[in-house]
Amino acid sequence: MLVAKVLHLWMVVSWFAGLFYLPRIFVNLAMVDPDSEKERQRLLMMAEKLYRFMTPIGFLAVALGLWLWFGYGFSGGWLHAKTALVALLIVYHAYCGRLLQGFRDGRCKRSHVWFRWFNEVPVLLLLAAIYLAVLKPF
């Protein structure tokens, strides 16, 4: 089970790297000059490659978490709360995919300021998940 825990942590750290960086690319996409199609295409390519890379990593993080969950058992209110946070992260990840599609189609009209705030969501969710996993407050 310790190997599963190490792999889970590795996948979680890798997934969060993507969850932190993809919205930063969105910030830059939202700031692109409408006359700079080359820059827009470069940022779109970066975002698409990152999303395709981080999706299976996120899947592995969740799958390994479930393996640990079944191995150690599902007890304690903290684990229920952490599971809810993971569900929110999955929704956030999927919404990033939807935003990316909006950028591809030219439909995304949100400002770079909105994306800067949006970028903080996984930071707060990670802090809450670490707090729950380490301190097990309830």
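Described below are features of the structure shown in this document. Model, not experiment: these values are computed from the prediction. (Residues numbered from 1 in each chain as written. Predicted model: local features only at pLDDT ≥ 70, side-chain atom pairs only at ≥ 80, totals over all residues. Heavy atoms only, no water.)

## As for the packing of helix H2 (residues 37-72) against helix H3 (residues 77-105)
And step 1. Running from N to C, H2 and H3 point in directions that differ by 160 degrees, and their axes come no closer than 11 Å. Relative to H3, the element H2 is oriented roughly antiparallel. Of the two possible hands of crossing, H2 and H3 adopt the one that is left-handed. Note on element contacts: H3 touches H2 through Leu79, Val86, Ile90, His93, Ala94, Cys96, Gly97, Leu100, Phe103 and Arg104, opposite Arg40, Leu44, Ala47, Glu48, Tyr51, Met54, Thr55, Val62 and Trp69.
And step 2. Counted by class, the contact of H2 with H3 contains 13 nonpolar, three polar and three charged residues. (Axes fitted to C-alpha atoms, helices over the stretch in contact; angles between N-to-C directions. Helix = DSSP H or I, 4+ residues; strand = E, 2+ residues; numbered from the N terminus. Parallel < 35°, antiparallel > 145°, perpendicular 65-115°, else oblique. Left-handed = near helix turned anticlockwise from the far one by under 90°. Contact = heavy atoms within 4.5 Å. Nonpolar A, V, L, I, M, F, W, Y, C, P; charged D, E, K, R; others polar.)

## Re the packing of H3 against helix H5 (residues 121-135)
And step 1. Axis separation between H3 and H5 bottoms out at 9 Å; the angle between their running directions is 160 degrees. Taken together, H3 and H5 sit at an angle that is classed as roughly antiparallel. Here H3 and H5 pass one another in a crossing that is left-handed. Residues Trp78, Ala81, Lys82, Leu85, Leu88, Leu89 and Tyr92 of H3 touch H5, and the partners they reach there are Val121, Pro122, Leu125, Ala128, Ala129, Leu132 and Ala133.

## Describing the pattern of salt bridges
And step 1. All chains considered together, the criterion is met by three salt bridges.
And step 2. Between glutamate 48 and arginine 104 there is a salt bridge, and its shortest N-O distance comes to 2.7 Å. Remark: arginine 104 occurs in helix H3 and glutamate 48 occurs in helix H2; sequence separation between them is 56 residues.
And step 3. Between aspartate 105 and arginine 107 there is a salt bridge; the shortest N-O distance is 3.3 Å. (Salt bridge = Lys/Arg side-chain N within 4 Å of Asp/Glu carboxyl O.)

## As for a nonpolar patch on the surface
And step 1. On the surface, Met1, Leu2, Trp67 and Tyr72 cluster together into a nonpolar patch covering about 480 Å² of accessible area.
And step 2. Inspection of the secondary structure puts tyrosine 72 in helix H2. (Patch = residues over 30% accessible without salt bridge, like charges linked within 9 Å, V, L, I, M, F, W, Y side chains within 5 Å. Areas by Shrake-Rupley, 256 points an atom, 1.4 Å probe, with all protein chains shown as cover.)

## Digging into the side chain of asparagine 119
And step 1. By the element assignment, asparagine 119 lies in the loop between helix H4 (112-118) and H5.
And step 2. In contact with asparagine 119, other than residues within four places in its own chain, are Leu19, Phe20, Pro23, Arg24 and Tyr92.

## Topic: H5
And step 1. With 15 residues, H5 should reach 21 Å at 1.5 Å per residue; the first-to-last C-alpha distance of 21 Å fits that figure.
And step 2. Taken together, the buried positions of H5 are occupied by Pro122, Leu125, Ala129 and Leu132. End-on, the buried residues of H5 take up no more than an arc of 95 degrees, which puts them together on one face. Residues of H5 that are exposed and angled more than 90 degrees away from the buried face: Leu124, Leu127, Val134 and Leu135.
And step 3. Next to the buried residues of H5 lie helix H1 (2-31), H3 and H4.
And step 4. With its phi angle positive at about 45 degrees, lysine 136 sits one or two positions after the end of H5. (Expected span 1.5 Å × (residues − 1). Buried < 20%, exposed > 50% of the residue type's maximum accessible area, 1.4 Å probe, protein only. Arc of directions from axis to C-beta.)

All quantities given are derived from atomic positions and should not be read as evidence of function.
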